[in-house]
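Observations on the model geometry
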Amino acid sequence: DQKPYLVILQVEMKKMSGIEVAHTLREKGSSVRLILMDVSDKYAMDAFDVHADGYLKKPITYQDFAAAMSRFRARFATESHTIEVRAERSKVNLHTADILFAESIGHNVWIYTKEGEYKTPLTMGKLSEVLQEEKPFLPCGRSYLVNMAYISQIENEVIVMNDGSRIPIPVRLRKSVAERYREYCSGWK
């Protein structure tokens, strides 16, 4: 019944590659954290495609491993954080790490998570205040708040999320959004 929090996979293995294992886990809906490792950098983009949380090049020194674990711990410390929001007629506790993005529509904010969507009368300003200390959250204009951990790619005019959602980037923010996302990603080898 216990599920691992983190799996470290060697890319090149005899029967099935670490990339294939990662694809299988993702296809089955697993959100386990993954770190892949290999003797070369040639699989780094494949690791990115399976949403690995890190890539280590062998030989790995103790310092390399300790630094990767330190970055991992800091990046995912937010997973234990929850926020309480009023959704419809009840209160819901949401893990901040499960929030994909939030969108302001009219007088409400829709919060999209891994498990579903929640409509709340909370304002985007109030939600931003609540999440201001959560490093992966990126404001994208007045209408969107995006969890950078779930960004698939940034095109010129839109952020493409892992679930396929497309979030428009205001012209005045395109450069700063791309820069902030690069900074977020640069903490990983």
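Preceding this paragraph is the structure being described.
Presented here is an overview of the structure given in this document.

Overview of the overall build of the protein
Scanning the protein from terminus to terminus reveals five helices and 13 strands. The C-alpha atoms of the protein give 18 Å as radius of gyration, which agrees with the globular expectation for 189 residues (16 Å, within 12%). Counting only C-alpha atoms and orienting by the principal axes, one finds that the protein spans roughly 55 × 45 × 30 Å. Taken over 189 residues, the protein has a buried fraction of 39%. Sequence separation of 24 or more characterises 43% of the internal contacts of the protein that already satisfy a separation of 6 or more. In the structure as shown, the protein presents an accessible area of about 11,600 Å², 51% of it carried by carbon and sulfur atoms. A gap of 2 Å separates the mean positions of the 27 positive and 25 negative side-chain charges of the protein.

Structural notes on the pattern of salt bridges
Tallying each qualifying case throughout the model produces six salt bridges. Here Lys42 ties to Glu12 by a salt bridge, and the two come within 3.9 Å at their closest N and O atoms. A residue pair is termed long-range when its members are at least 10 positions apart, and Lys42 in the loop between strand 2 (33-38) and helix 2 (44-49) and Glu12 in the loop between strand 1 (6-10) and helix 1 (18-27) qualify at 30 residues. Using a relative accessible area of 59% as the deciding quantity, one classes Lys42 as exposed. Across the salt bridge formed by Glu155 and Arg166, the nearest N and O atoms sit 2.9 Å from each other. Here the residue Glu155 occupies a position in the loop between strand 11 (151-154) and strand 12 (158-161), and Arg166 occupies one in strand 13 (residues 166-168), the gap between them amounting to 11 residues. When its relative accessible area of 30% is taken as the criterion, Glu155 is described as partly exposed.

A word on helix 1
Of all the residues in helix 1, the buried ones are Gly18, Ile19 and Ala22. Taken down its axis, helix 1 places every buried residue within 100° of arc, on the same side. On the buried face of helix 1, the contacting elements are strand 1, strand 2 and helix 2.

Let's talk about the sheet that holds strand 2
Strand order in the open sheet formed by three strands is 1-2-3, and the pairing between neighbours is parallel. What marks the edges here is a single partner per strand, and that holds for strand 1 and strand 3 (54-57). Direction aside, neighbouring strands of the sheet carry axes that sit 20° apart on average. In the sheet, strand 1 pairs with strand 2 via five bridges, with the strands oriented parallel.

What to know about the environment of Gly141
Relative to the assigned elements, Gly141 resides in the loop between strand 9 (137-140) and strand 10 (144-147). Here the alpha-carbon distance between Gly141 and Leu36, two residues 105 residues apart in the chain, equals 35 Å. Each residue touching Gly141, except ones within four places of it in the same chain, is listed here: Pro170 and Leu173.

Brief notes about the sheet that holds strand 13
Taken together, the three strands give an open sheet; going across it, the order is 11-12-13, and neighbouring strands pair in antiparallel fashion. On the outer flanks of this sheet lie strand 11 and strand 13, each paired with one strand and no other. Strand after strand, the sheet turns through a mean of 25° between neighbouring axes, direction not considered. Bridge count for strand 12 against strand 13 is three bridges, and the pairing is antiparallel. Across the sheet, residue Ile159 finds its bridge partner in strand 13, namely Ile167.

Describing helix 5 (residues 174-185)
Its 12 residues place the ends of helix 5 17 Å apart at the C-alpha level, agreeing with the 16 Å of an ideal helix rising 1.5 Å per residue. Three or more residues of helix 5 are buried, namely Val177, Ala178, Tyr181 and Tyr184. End-on view of helix 5: buried residues confined to an arc of 120°, all on one side of the axis. Residues of helix 5 that are exposed and point more than 90 degrees away from the buried face comprise Lys175, Arg182 and Glu183.

Calculation rules
- Residues numbered from 1 in each chain as written.
- Predicted model: local features only at pLDDT ≥ 70, side-chain atom pairs only at ≥ 80, totals over all residues.
- Heavy atoms only, no water.
- Helix = DSSP H or I, 4+ residues; strand = E, 2+ residues; numbered from the N terminus.
- Rg over C-alpha atoms; globule rule 2.2 N^0.38 Å.
- Buried < 20%, exposed > 50% of the residue type's maximum accessible area, 1.4 Å probe, protein only.
- Contact = heavy atoms within 4.5 Å.
- Areas by Shrake-Rupley, 256 points an atom, 1.4 Å probe, with all protein chains shown as cover.
- Lys, Arg positive; Asp, Glu negative; His and termini not counted.
- Charge placed at Lys NZ, Arg CZ, Asp CG, Glu CD.
- Salt bridge = Lys/Arg side-chain N within 4 Å of Asp/Glu carboxyl O.
- Arc of directions from axis to C-beta.
- Pairing = 2+ DSSP bridges.
- Axes fitted to C-alpha atoms, helices over the stretch in contact; angles between N-to-C directions.
- Expected span 1.5 Å × (residues − 1).

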